[in-house]
Amino acid sequence: MALLTFDTAHKPRQSYASMAILLAVMLVFPFVAAQFGNSWVRIIDMALLYIMLALGLNIVVGFAGLLDLGYIAFFAVGAYLTGLLASPQFAALLESVVNYSPAVGEALVAMFGESIRTEGIHLSVWFIVPLAGLTAGLFGALLGAPTLKLRGDYLAIVTLGFGEIIRIFMNNLNDPINFTNGPQGINLIDPIRIFGVSLAGEAGTKATVFIGGFGMPSVNAYYFLFLLLCIVTIFMTSRLQHSRLGRAWVAIREDEIAAKAMGINTRNVKLLAFSMGASFGGVAGAMFAAFQGFVSPESFSLTESIAVLAMVVLGGIGHIPGVVMGGVLLAALPEVLRHVVEPAQQALFGKVVIEAEVLRQLLYGLAMVLIMLNRPAGLWPSPIKEDRPLAATDKDEKEESAVGV
């Protein structure tokens, strides 16, 4: 970690050099990894989505100190909203609405046209993404409102219940009105298009995206999009951390009673933490649905919430570079194990002794135990020193004290 420095407040030159080197490596990576198969690039695609999730959860857990075990619910909200508005699923919804309330069904047909009876709604993902962020932010506020006076274990239990309620809703909200298609999930979700170019590749191109005369695999095109979104997310969360609102979150995390005594409206600040963190989860969910082309309730279980929380804790609570590192490690680890561990066991023992999924759970638990025992602040914790540059008056005082004035 000493080679890479991201402390722009105290070491700007070294920090920007580190960022430039890291960005160059990330831009070259998909072309190098593609030589070993597209699956490796797809692994990093999913890791980038999980980094977005971890950065959103870091606002709630790392900045504001509010333990949230149901964060994956906001991921589900964004994914299912995309599935409903960018797939044939709305046709099934309309059919059930007509059977239940013909007047409402006819009003929807008059609003969106006759084609929705058979084809559903196919809105642009770029219209759905901000809508997903706003909807998830609203759900975050709904979660935060009844939990404002809860702390620690009690808050964790409530948020855990909220996450399970959303998953159960998604699993059963197919009757009497079919919103989610129940356990079968929603498929045939439209891929992302940029200036008319489908990132999934047009039919007959074998998932190859052509831009001008240059072609690249679909997973590479999604990789660059997700990388851009992660950079934007890092920039936004960093700005939030160093804003007045971010200072208020830190004050609440350190001592809520003292923060309230200093005039901070802890109620509104906590609601903003839940809402802003949730909005990032909603955007990541919309990207996930468009990337996969399919969503189902199994993708949003409690273990996923725990995995995202583990990324924040393992990397370094409240430290953005640490959270990114934790996201890469824990999101990519299961797929790397699947590609490496089982073939290695076949070569050594002639059979698979420990399945990759079982080994993943063992390593998760072992990593968390070791981190809590040896590095409770995470692998890459926040620097101990104050994270803002010295004011001019502070510098003058230090210079005066140095010369003995």
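Thresholds, definitions, all that
The numbers attached to residues start from 1 for each chain and follow its sequence in the written order. Residue-level local features of this predicted model are given only where pLDDT is at least 70; pairs of side-chain atoms are given and counted only at 80 or more, and the full residue set underlies all totals for whole chains, interfaces and linings. Values shown for side chains rest on all heavy atoms present in the structure; no hydrogens or waters enter the calculation. Starting at the N terminus, helices and strands are each numbered in turn, a helix being any DSSP run of H or I of at least four residues and a strand any DSSP run of E of at least two. Computation of the radius of gyration draws on C-alpha atoms alone. For the globule rule, the value is 2.2 Å times the number of residues to the power 0.38. A 1.4 Å probe rolled over the protein chains alone gives each residue an accessible area, and that area as a share of the maximum for its type sets the label: buried under 20%, exposed over 50%, partly exposed in between. Throughout, a residue-residue contact means that at least one pair of heavy atoms, one from each residue, lies within 4.5 Å. Per-residue and other accessible areas were derived by the Shrake-Rupley procedure at a 1.4 Å probe size, with only the shown protein chains allowed to occlude residues. In this tally, Lys and Arg are treated as positive and Asp and Glu as negative; His is ignored, and so are the chain termini. Taken as the charge location is NZ of Lys, CZ of Arg, CG of Asp or CD of Glu. Helices are assigned an expected span. That span is 1.5 Å times one less than the residue count. Should DSSP find at least two bridges between two strands, the strands are taken to pair. A pair of Phe, Tyr and Trp rings is counted when the ring centres sit within 6.5 Å of each other, with Trp represented by its six-membered ring. The angle between the planes then sorts it: under 30 degrees is stacked, over 60 is edge-to-face, the rest tilted. Throughout, an axis means a line fitted to C-alpha atoms (over the contacting stretch in the case of helices), and angles, computed between N-to-C directions, take values from 0 to 180 degrees. Oblique is the label for any angle not covered by the other classes, which are roughly parallel (under 35 degrees), roughly antiparallel (over 145) and roughly perpendicular (65 to 115). Two helices crossing with the near one rotated counterclockwise from the far one by less than a right angle form a left-handed crossing, whereas a clockwise rotation gives a right-handed crossing. A side-chain nitrogen of Lys or Arg and a carboxyl oxygen of Asp or Glu constitute a salt bridge if their distance falls within 4 Å. As a per-residue measure, pLDDT reflects the predictor's confidence and takes values from 0 up to 100. Exposure above 30% relative accessible area and no salt bridge define the residues that can form patches, which grow by joining like charges within 9 Å and nonpolar side chains of Val, Leu, Ile, Met, Phe, Trp and Tyr within 5 Å.

## Comments concerning the overall build of the protein
Move 1: Within the protein one finds 15 helices and eight strands.
Move 2: Expected size for 405 residues packed as a compact globule is a radius of gyration near 22 Å; at 23 Å, the protein falls within 12% of this value.
Move 3: Principal-axis analysis of the C-alpha atoms places the extent of the protein at approximately 85 × 55 × 50 Å.
Move 4: Among the 405 residues that make up the protein, the fraction classed as buried is 44%.
Move 5: If you take every contact in the protein between residues at least 6 apart in sequence, the share linking residues at least 24 apart comes to 72%.
Move 6: Accessible surface, the protein: about 20,700 Å² in total, of which carbon and sulfur atoms supply 67%.
Move 7: Taken as two groups, the 24 positive and 28 negative side-chain charges of the protein have centres that lie 6 Å from each other.

## Side note on helix α6 (residues 125-144)
Move 1: The first and last C-alpha atoms of α6 sit 28 Å apart over 20 residues, in line with the 28 Å expected at 1.5 Å per residue.
Move 2: Elements in contact with the buried residues of α6: α3 (72-85), β1 (86-87), α7 (152-172) and α11 (266-292).

## Notes on the pairing of strand β7 (residues 214-217)
Move 1: In this sheet, β7 lies alongside strand β6 (residues 208-211) in antiparallel orientation, the contact comprising four bridges. Each residue of the ladder has a partner; that of Val 209, found in β7, is Met 216.
Move 2: If you look at the hairpin formed by β6 and β7, you'll find two residues sitting between the two strands, and Gly 212 has a positive phi there, around 70°.

## Section: the side chain of Ser 218
Move 1: Among the secondary structure elements, Ser 218 is positioned in helix α8 (residues 218-241).
Move 2: On the accessibility criterion, Ser 218 (11% relative accessible area) is buried.
Move 3: Beyond its immediate stretch of four places on either side in the chain, Ser 218 contacts Leu 199, Ala 200, Ala 207 and Val 209.

## Some thoughts on helix α12 (residues 302-315)
Move 1: Given a rise of 1.5 Å per residue, 14 residues ought to cover 20 Å, and the 20 Å separating the end C-alpha atoms of α12 matches this to within 8%.
Move 2: Most of α12 is tucked away, with 11 of its 14 residues classed as buried.
Move 3: The complete set of buried residues in α12 reads Glu 304, Ser 305, Ala 307, Val 308, Leu 309, Ala 310, Met 311, Val 312, Val 313, Leu 314 and Gly 315.
Move 4: Buried residues along α12 sit against α2 (38-63), α3, α13 (320-349) and α14 (356-374).
Move 5: Gly 316 lies just past α12 and shows a positive phi near 150°.

## Examining the packing of aromatic side chains
Move 1: In this structure the tally under the stated criterion is 13 aromatic pairs.
Move 2: Seen in terms of ring centroids, Tyr 71 and Phe 74 are 5.7 Å apart; in terms of plane orientation they differ by 75°. Their pairing is edge-to-face.
Move 3: With relative accessibility at 1%, the residue Phe 74 sits in the buried group.
Move 4: Connected via pairs of aromatic rings, a cluster forms that spans Phe 29, Phe 31, Tyr 223 and Phe 224.

## Quick look at the packing of α12 against α13
Move 1: Where α12 meets α13, the closest approach of the two axes is 7 Å, and the angle between their N-to-C directions is 130°. Taken together, the axes of α12 and α13 lie oblique to each other. In terms of crossing hand, the pair formed by α12 and α13 is right-handed. The residues of α13 that touch α12, namely those facing Ala 307, Ala 310, Met 311, Val 312, Leu 314 and Gly 315, are Gly 322, Val 323, Met 325, Gly 326, Gly 327, Leu 329, Leu 330 and Ala 331.

## As for the environment of Ile 116
Move 1: Looking at where Ile 116 falls in the secondary structure, it is placed in the loop between α5 (102-112) and β2 (121-122).
Move 2: Between the alpha carbons of Ile 116 and Phe 235 there is a distance of 39 Å; along the sequence they are 119 residues apart.
Move 3: The contacts of Ile 116, once residues within four sequence positions are left out, are Phe 90, Ala 91, Leu 94, Leu 108, Val 109 and Ile 121.

## Section: the pattern of salt bridges
Move 1: Across all of its chains, the model carries six salt bridges by this definition.
Move 2: Ionic pairing is found between Glu 256 and Arg 151, a salt bridge with its closest N-O pair at 3.4 Å. Of this pair, Glu 256 sits in helix α10 (residues 256-261) while Arg 151 sits in the loop between α6 and α7, and the two are 105 residues apart along the sequence.
Move 3: You can call Glu 256 buried: its relative accessible area is 16%.
Move 4: Of the charged contacts in the structure, one is a salt bridge between Arg 167 and Glu 164, with a shortest N-O distance of 2.9 Å. Within this pair, Arg 167 and its partner Glu 164 are both found in helix α7, separated by three residues, close to a single helical turn.
Move 5: Overall, the relative accessible area of 24% leaves Arg 167 in the partly exposed class.
Move 6: If you follow the salt bridges from partner to partner, you end up with Glu 106, Glu 114 and Arg 117 in one network.

## Some words on the confidence of the model for the protein
It should be kept in mind that the predicted coordinates are not to be read in detail where pLDDT is low.
Move 1: This prediction gives the protein a mean pLDDT of 85; 91% of its residues lie at or above 70.
Move 2: At the level of individual helices and strands, the protein shows its lowest average pLDDT in helix α15 (residues 392-402), which scores 45, and its highest in α3, which scores 95.
Move 3: Here residues 386-405 is a poorly scored stretch, pLDDT under 50, and it has 15 contacts once near neighbours within four places are set aside; other chains count.

## What to know about the side chain of Asn 220
Move 1: Its place among the elements puts Asn 220 in helix α8.
Move 2: Apart from residues lying up to four places away in sequence, Asn 220 is in contact with Pro 30, Phe 31 and Val 41.

## Some remarks on a nonpolar patch on the surface
Move 1: Taken together, Leu 23, Leu 27, Val 28, Val 32, Phe 36 and Ile 231 make up a surface patch of nonpolar side chains, about 550 Å² in accessible area.
Move 2: Ranked by residue count, the leading element in the nonpolar patch is helix α1 (residues 12-33), at four residues.
Move 3: For Leu 27, the location among the structural elements is in helix α1.

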